[in-house]
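Residue strings, one per chain:
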Amino acid sequence: MSVDILSTKLPPGPTFTYPNIIAPMKETRTARPGIITRRPRESNKDGVNVNISNFDPNYIIYDSSTDTTYLRGRLLGKGGFARCYELLDLNTNKVYAGKIIAKSRIAKPHQKQKILREVELQKDLKHKHVVEFHSYFEDEENVYIVLENCNRKSLVHMLKHRKTLTEPEVRYFMTQLVEGIKYIHRSNIIHRDLKLGNMLLNDDMQLKIADFGLATRVEYKGEKKMTVCGTPNYIAPEVLQKRGHSYEADVWAMGCVMYALLVGHPPFETATLKETYVRITGNSFSFPDWVSPSSRNFIKRCLAHEPDLRPKLDEVLQDEFFSAGHMPSFLSVSCCTNAPRFPVYTKFNRPKSYVVPDAQHDPAVERITSPIKELEIQPRHEPTPTKREKSAGMSGSLGRNTPDYLAPVQSKHNGTRSSGSEITRSDRSDRSDSPALRETSPKPRSASNLLDVLSTCLDHMPKDVHHNPETVMDLTVPWVTKWVDYSNKYGFGFQLANDSIGVLFNDTSRILLSPDGRSIQYFDVTGKTYAYTTDDVLDDLEKKTTLLMYFAKYMDEHLIQGGNLECSKDSIDIASGPLCLKKWFRTTKAIVLYLSDGTLQVNFFDDHTKIILSYQRNDYFVTFIDEERSANTYSMVHLIQDGCQKGIIDRMVFAKSMLQNIVDIEGAYI
Ligand SMILES: Nc1ncnc2c1ncn2[C@@H]1O[C@H](COP(=O)(O)OP(=O)(O)OP(=O)(O)O)[C@@H](O)[C@H]1O
């Protein structure tokens, strides 16, 4: 809670005149249950989902001045005067934060004054780092201030869980705080109560400066304010000493906020107010060892005893603290409780200028002037033959192109293998008599080869089996663990089992964030690849990189992994580059995902089961993820021999028709 400290001992500040803030108050009343004629909707016109179960249909608040009915929802917090609740506007279905102040609590004139000042100063402010004012009204019992909803609480709550924040997080919040204060000062307002509790967070982890209850307007250039107000731990020495203060008092508080975020408590905090004030006026504070030199320097600059020596807000973002070191482009809400893992950052040498040859196809790379590193996509090549393959006389693509077990499959297909006989490894070495297969199967990872193998498997496996075939353990299956289809606007986001995250944009370019979250690869529409780090994003790829981060954040916060299928983080890069989603499409039944290593995944909409067909360790496998999200992988060799349940076979048949589509559309060599 903020307090007008020492206010009883000091002469009052400039007299507050009732500002012409709101049109003369019209009659308002709290509506009674039963007057709602419109059923709350589950989403508003911005497409934002509203959880209507959070709102009490029996608690209705009515603003007759605008004929707006609100439902009261969850309690967001309590202050000295106010209780703040989520309010659902039934006209627009938008959720706001409503500060509700009981009139019985604001009987004294200065209390009412505080509220009016807050409204007067905040009502015209519009900035992404300042809580937006929506409306103000009264009824017989309460005063209501309706504000932008910041439902991730405040930096106080975050610090309570986390104790201290990492330097990149502090850089992220401080940059936003500076932007917000710069705007407030440009509007001739001094906030005078900047502290962690007044730094609110919305769902996107954007900082929003709140609580203008102690703010004041500077009426003329050079005006000094005399009222002693603020929150003890954050109050500037010139305010305390009544020397007259101005915007610089906010810069001081900014230094206190940054110190608190890094160290866990404000710089002058002591057990008593008196001792705190002695420290503030004596400029006595120190840093624990772990605070970096650039953080210390910046905090020291903000905490200069003389206001004129503090940095000017227009310049602060050039301070080394902001200009060097990692600056996250977004923070996940999980940061409220757990420290994020940030990459180790390396700086690349940027060539001075570079223009992508036919950038006009790709708006986001129209003016690439500073690619960090251009990588040509290597033509897909076959892996070098293994020793075993060499000694077996197999070389290059021929040996690889015919997977071990296909010879017996083929011979069974040709009627040369007696039914029921066991398929063994030694059987499979007899592959030289399968030329047809070789001709139609140019690469083991190609869609056409997978299609052939799958067809053979389906043709020959026993159909009336009720038992589960032998499962394969210890296999790294590449698959899409999460996806989000935003192709009506941007593209298709996906997360792979190795934790890499990517987006297949509508313009056919692709972007991929490595599993450790450090490096990004961008594949433009012509197939050129650009590699850079999250710390050093190519200017012209900022938009797509930001979109990638939004997709990542969305999937992190809203989606659960589609099955319990473990995958080691670094184990599924393939010879031709990092694993990536190559194609996707939907049917009415399923979504079909085709990966760059030739893996086909089909996610069925009705029961959320999934089938994954992959080529691993020279064999083909079928992975089935059931309704309970539990995964089992079978070798196609075993399936041919032992069969499997009808449900799996049906899904394999469907996958086959999807694969046929891919081959028909894209050609055999995709
Ligand atoms: N826009 C908002 N969105 C979400 N929560 C909010 C919002 N505004 C305020 N709150 C919550 O409500 C609490 C009370 O609000 P606030 O501190 O402004 O009340 P107050 O009584 O005017 O404050 P003070 O005691 O600091 O004078 C805050 O601590 C915060 O948790």
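Quick notes on the rules
- Residues numbered from 1 in each chain as written.
- Predicted model: local features only at pLDDT ≥ 70, side-chain atom pairs only at ≥ 80, totals over all residues.
- Heavy atoms only, no water.
- Helix = DSSP H or I, 4+ residues; strand = E, 2+ residues; numbered from the N terminus.
- Buried < 20%, exposed > 50% of the residue type's maximum accessible area, 1.4 Å probe, protein only.
- Contact = heavy atoms within 4.5 Å.
- Pairing = 2+ DSSP bridges.
- Near = heavy atom within 4 Å.
- Polar contact = N/O pair within 3.5 Å; in protein donor to acceptor, adjacent residues only side chain to side chain.
- Areas by Shrake-Rupley, 256 points an atom, 1.4 Å probe, with all protein chains shown as cover.
- Nonpolar A, V, L, I, M, F, W, Y, C, P; charged D, E, K, R; others polar.
- Axes fitted to C-alpha atoms, helices over the stretch in contact; angles between N-to-C directions.
- pLDDT = per-residue confidence, 0-100.
- UniProt positions renumbered as here; feature names shortened; annotations may be inferred.
- Arc of directions from axis to C-beta.
- Parallel < 35°, antiparallel > 145°, perpendicular 65-115°, else oblique.
- Left-handed = near helix turned anticlockwise from the far one by under 90°.

Colleague: How should I be thinking about the overall build of the protein chain in this particular structure?
Modeller: Each helix and strand counted, the protein chain has 18 helices and 23 strands in total. In the protein chain, which comprises 670 residues, the share counted as buried stands at 53%. A separation of at least 24 residues holds for 62% of the contacts in the protein chain among residues at least 6 apart in sequence.

Colleague: Please explain the environment of His 245 as it appears in this structure.
Modeller: Structurally, His 245 can be placed in the loop between helix H4 (237-240) and helix H5 (248-263). Here the alpha-carbon distance between His 245 and Lys 225, two residues 20 residues apart in the chain, equals 5.1 Å. Setting aside its immediate chain neighbours within four residues, His 245 contacts Ile 190, Arg 192, Glu 223, Lys 224, Lys 225, Met 226, Thr 227, Glu 238 and Val 239.

Colleague: Would you mind going over the pairing of strand S13 (residues 491-496) with me for this structure?
Modeller: Two faces belong to every sheet, and in a regular strand the side chains alternate between them. For S13, a buried count of 6 out of 6 residues is recorded, marking the element as mostly surrounded by other parts of the structure. Pairing between strand S12 (residues 480-486) and S13: 6 bridges, direction antiparallel. Bridge pairing in S13 links Val 480 to Leu 496. The loop that links S12 with its antiparallel partner S13 comprises 4 residues. Strand direction decides the pairing type here: S13 and strand S14 (residues 501-505), joined by 5 bridges, are antiparallel. Paired with Phe 492 across the bridge in S14 is Leu 504. Linking S13 to S14, which pair antiparallel, is a turn of 4 residues; within it Asp 499 sits at a positive phi near 80 degrees.

Colleague: So what exactly am I meant to see when it comes to the site of the ligand here?
Modeller: Taken together, 20 residues surround the ligand, and among them Gly 80, Phe 81, Ala 82, Lys 99 and Glu 148 come closest. One of the side-chain N or O atoms of Lys 99 is found 2.4 Å from an oxygen atom in the ligand. Asp 211 is positioned with one of its side-chain polar atoms (N or O) 3.0 Å from an oxygen atom of the ligand. Within the complex, the protein chains bury 92% of what would otherwise be the 610 Å² of accessible surface of the ligand. Secondary-structure elements contributing two or more residues to the shell around the ligand are strand S2 (68-78), strand S3 (82-89), strand S4 (94-102) and strand S6 (142-148). Ranked by residues supplied to the shell around the ligand, first place goes to S2 with 3 residues. For the shell around the ligand, a count of residues per class yields 10 nonpolar, 5 polar and 5 charged.

Colleague: Any chance you could explain the sheet that holds strand S23 (residues 631-635) here in plain terms?
Modeller: Strands belonging to one sheet form pairs held by backbone hydrogen bonds; the direction of such a pair is parallel or antiparallel. Across the sheet, which stays open at both edges, the 6 strands sit in the order S18-S19-S20-S21-S22-S23 with antiparallel pairing between neighbours. With one partner strand each, in any of the chains shown, strand S18 (581-586) and S23 form the two edges of the open sheet. Averaged over all pairs of adjacent strands, the angle between their axes in this sheet comes to 15 degrees, without regard to strand direction. Pairing geometry for strand S22 (residues 619-625) and S23, over 5 bridges, is antiparallel. The residue bridging Phe 624 from the neighbouring strand is Asn 632, located in S23.

Colleague: How should I be thinking about unusual backbone geometry in this particular structure?
Modeller: Glycine aside, negative phi is the norm for most residues, and most peptide bonds take the trans geometry. Phi angles above zero are rare outside glycine, and Asn 93 is one such case at about 65 degrees. The phi angle at Thr 508 is positive, at roughly 80 degrees, despite the residue not being glycine. Here Thr 508 is to be found in the loop between S14 and strand S15 (510-513).

Colleague: Looking at this structure, how should I read the pairing of strand S5 (residues 133-138)?
Modeller: The buried fraction of S5 amounts to 5 of the 6 residues, a majority that puts the element mostly inside the structure. Relative to S6, S5 is paired through 5 bridges, and the arrangement is antiparallel. Among the inter-strand pairings, Ser 135 is bridged to a residue of S6, identified as Val 146. Here S5 hands over to S6 after 3 residues, the two strands then running antiparallel side by side.

Colleague: What am I meant to see in the confidence of the model for the protein chain here?
Modeller: Note: predicted coordinates in regions of low pLDDT should not be interpreted at a detailed level. Averaged over all residues, the pLDDT of the protein chain is 77; the fraction at 70 or higher stands at 74%. This stretch, residues 1-37, has a pLDDT under 50; its non-local contacts, to residues over four places away or in other chains, come to 70 contacts. In this model, residues 344-442 is a region of pLDDT below 50 whose contacts with residues beyond four sequence positions or in other chains number 173 contacts. Across the whole predicted complex the pTM is 0.54, and at the interface the ipTM reaches 0.97.

Colleague: Got a minute to help me understand the UniProt feature "binding site: ATP" (unreviewed entry) in the protein chain in this structure?
Modeller: The positions UniProt marks with the feature "binding site: ATP" (unreviewed entry) are Lys 108. With respect to the secondary-structure elements, Lys 108 resides in the loop between S4 and helix H1 (109-122).

Colleague: Would you take a moment to explain helix H6 (residues 273-282) for this structure?
Modeller: Side chains that are three or four residues apart share a direction in an α-helix, a result of its 3.6 residues per turn. Those residues of H6 not exposed but buried are Thr 276, Tyr 277 and Ile 280. Burial along H6 is one-sided: seen end-on, the buried residues are contained in an arc of 95 degrees. Among the exposed residues of H6, those pointing more than 90 degrees away from its buried face are Lys 274 and Gly 282. Tucked into the core, H6 has its buried residues touching H4 and H5. Phi for Asn 283, located one or two positions after H6, is positive at around 50 degrees.

Colleague: I'm lost on the sheet that holds S5 in this one. Help?
Modeller: With antiparallel pairing, 6 strands are arranged side by side in an open sheet as S1-S2-S3-S4-S6-S5. Each of the sheet's edge strands pairs with one partner strand only, and the pair in question is strand S1 (56-63) and S5. Averaged over all adjacent pairs, the angle separating strand axes in this sheet is 35 degrees, with direction ignored. Together, S4, S5 and S6 form the strand contacts of H1, whose direction differs from that of S5 by roughly 145 degrees.

Colleague: Before we go on, may I ask you to explain the packing of helix H3 (residues 167-186) against H5 in this structure?
Modeller: Two quantities define a packed helix pair, namely the angle between the axes and the distance from one axis to the other. The N-to-C vectors of H3 and H5 enclose an angle of 165 degrees; their axes lie 10 Å apart at closest approach. Overall, the two elements H3 and H5 adopt an arrangement that is roughly antiparallel. Relative to H5, H3 is oriented so that their crossing is right-handed. Counting all contacts with H3, which are made through Glu 167, Val 170, Phe 173, Met 174, Leu 177, Val 178, Ile 181 and His 185, the residues of H5 involved are Asp 250, Met 254, Val 257, Met 258, Leu 261 and Leu 262. The residue makeup of the contact of H3 with H5, split by class, is 11 nonpolar, 1 polar and 2 charged.

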